[in-house]
Amino acid sequence: MKHLLGLEGLSAAQLTRLLDAAEGFRGVGVGDVPKRDDLKGKVVVNLFYEASTRTRVSFGLAARRLGADVLDFSPGGSSTSKGETFIDTAKNIEAMGVDMVVVRHSSPGAPHVLAKHLLPHIRVVNAGDGAHEHPTQALLDILTIRKRLGRVAGLTVGLVGDIAHSRVARSNILGLKALGAHVIVCGPTTLVPQEVKSLGVEIANSLDAILPRCDVLNLLRIQFERQRSGLFPSIREYRLLFGMDGDRMTRAKEGVLLLAPGPINRGVEITPDVADGPSSAILDQVTNGLAVRMAVLSELAKAA
């Protein structure tokens, strides 16, 4: 695997290899555990055209813990704001002698374009492209499930929220299905397109109806501009129908695991008591995210 452009097309064996590798990176560079030199002498560029402090910091820290030099590129202060094209910017960065580019872009397919235009030895990692994919977020979600529940195959996972615009949902669906989970997508009818059935998922429009069946609930963050565009009546109504609170926890399946890609909207997708409760693995996701990103960078560095 030369690049990680998405989870689409990856086999269960490939996904398991990445997850197994990530297990070995947990805790690297923390406390008395030394850093590694998998990327010693390599230069990793964080090419982020969208703001995402958490993902950018996570990739940067992962690369540094593997011994790489890291360059953070912000288009707002670059020639991009003066009219330079995406490819021209990337080619100029390429000319500096970089080895890996971690790219986040609002346009679906941007990482694929980079992979075609950059020199063959440069590895490209997709850190989120439009509403298309966010592969490392899905991998860290799946790793969290596997560590907490011991398996992925045979579990029922509910993805709750804005499925139509969510790259996290798409990557999760692809990864979970490949590893043998049953996936239910749940949310307002305006945010759950019927076409998603083509990915082999079940569609539901009532969270209460699926609570007793789900081993895992991944509560996707609602972007407030969706409400302002009229896709659902109000934040309050969304919270009442699709937010996880103490009452819903009493009706959920025993031992249910709660995930939420940060930053969370406390009191919207999930109430504070539930977010900080024993069923929540939100902070575990952050820890596992570092391990997953180290594993991805290390595996790509080994590719011939």
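Refer to the structure printed above.
Residues numbered from 1 in each chain as written. Predicted model: local features only at pLDDT ≥ 70, side-chain atom pairs only at ≥ 80, totals over all residues. Heavy atoms only, no water.

Examining the layout of surface pockets
Then, number 1: By volume, the largest pocket amounts to about 1,100 Å³.
Then, number 2: Around the largest pocket sit 45 residues that line it, and Arg 54, Gln 137, Pro 261, Gly 262 and Pro 263 are the ones nearest its centre.
Then, number 3: Ranked by the residues each element gives to the lining of the largest pocket, the list is headed by helix H12 (residues 282-302), at 8 residues. (1 Å grid on protein atoms, 1.4 Å probe; cavity = no way out; pocket = protein on both sides within 12 Å on 5 of 7 lines; lining within 4 Å. Points joined across faces, edges and corners; volume = space filled by probe spheres on them. Helix = DSSP H or I, 4+ residues; strand = E, 2+ residues; numbered from the N terminus.)

So, the sheet that holds strand E6 (residues 182-186)
Then, number 1: Taken in spatial order, the 5 strands of this open sheet run E7-E6-E5-E8-E9, and their pairing is parallel. Of all the strands in the sheet, the pair left with one neighbour each is strand E7 (202-204) and strand E9 (257-259). Strand-to-strand twist in this sheet, taken as the mean axis angle between neighbours without regard to direction, amounts to 20°.
Then, number 2: Packing of helix H5 (residues 135-149) onto the sheet brings it into contact with strand E5 (156-160), strand E8 (216-219) and E9, and relative to E9 it is tilted by some 160°. (Pairing = 2+ DSSP bridges. Axes fitted to C-alpha atoms, helices over the stretch in contact; angles between N-to-C directions. Contact = heavy atoms within 4.5 Å.)

Concerning the sheet that holds strand E3 (residues 100-105)
Strands belonging to one sheet form pairs held by backbone hydrogen bonds; the direction of such a pair is parallel or antiparallel.
Then, number 1: Read across the sheet, 4 strands follow the order E2-E1-E3-E4 without closing on themselves; strand pairing throughout is parallel. Strands with a single pairing partner mark the edges of an open sheet, and in this sheet they are strand E2 (69-73) and strand E4 (123-129). Within the sheet, the average angular offset between the axes of one strand and its neighbour, ignoring direction, is 15°.
Then, number 2: Packing against the sheet, helix H2 (residues 53-65) makes contact with strand E1 (43-48), E2, E3 and E4, and its axis sits at approximately 180° to E1.

What about the packing of aromatic side chains?
Then, number 1: All chains considered together, the criterion is met by 3 aromatic pairs.
Then, number 2: Aromatic pair Tyr 238 and Phe 242: ring centres 5.3 Å apart, planes at 35°, arrangement tilted. Taken together, the positions of Tyr 238 and Phe 242, both in helix H9 (residues 235-242) and 4 residues apart, correspond to about one turn of that helix.
Then, number 3: The class for Tyr 238 is buried, based on a relative accessible area of 3%.
Then, number 4: By way of ring pairs, the aromatic residues Tyr 49, Phe 73 and Phe 86 are connected into one cluster. (Phe/Tyr/Trp six-rings, centres within 6.5 Å; stacked < 30°, edge-to-face > 60°. Buried < 20%, exposed > 50% of the residue type's maximum accessible area, 1.4 Å probe, protein only.)

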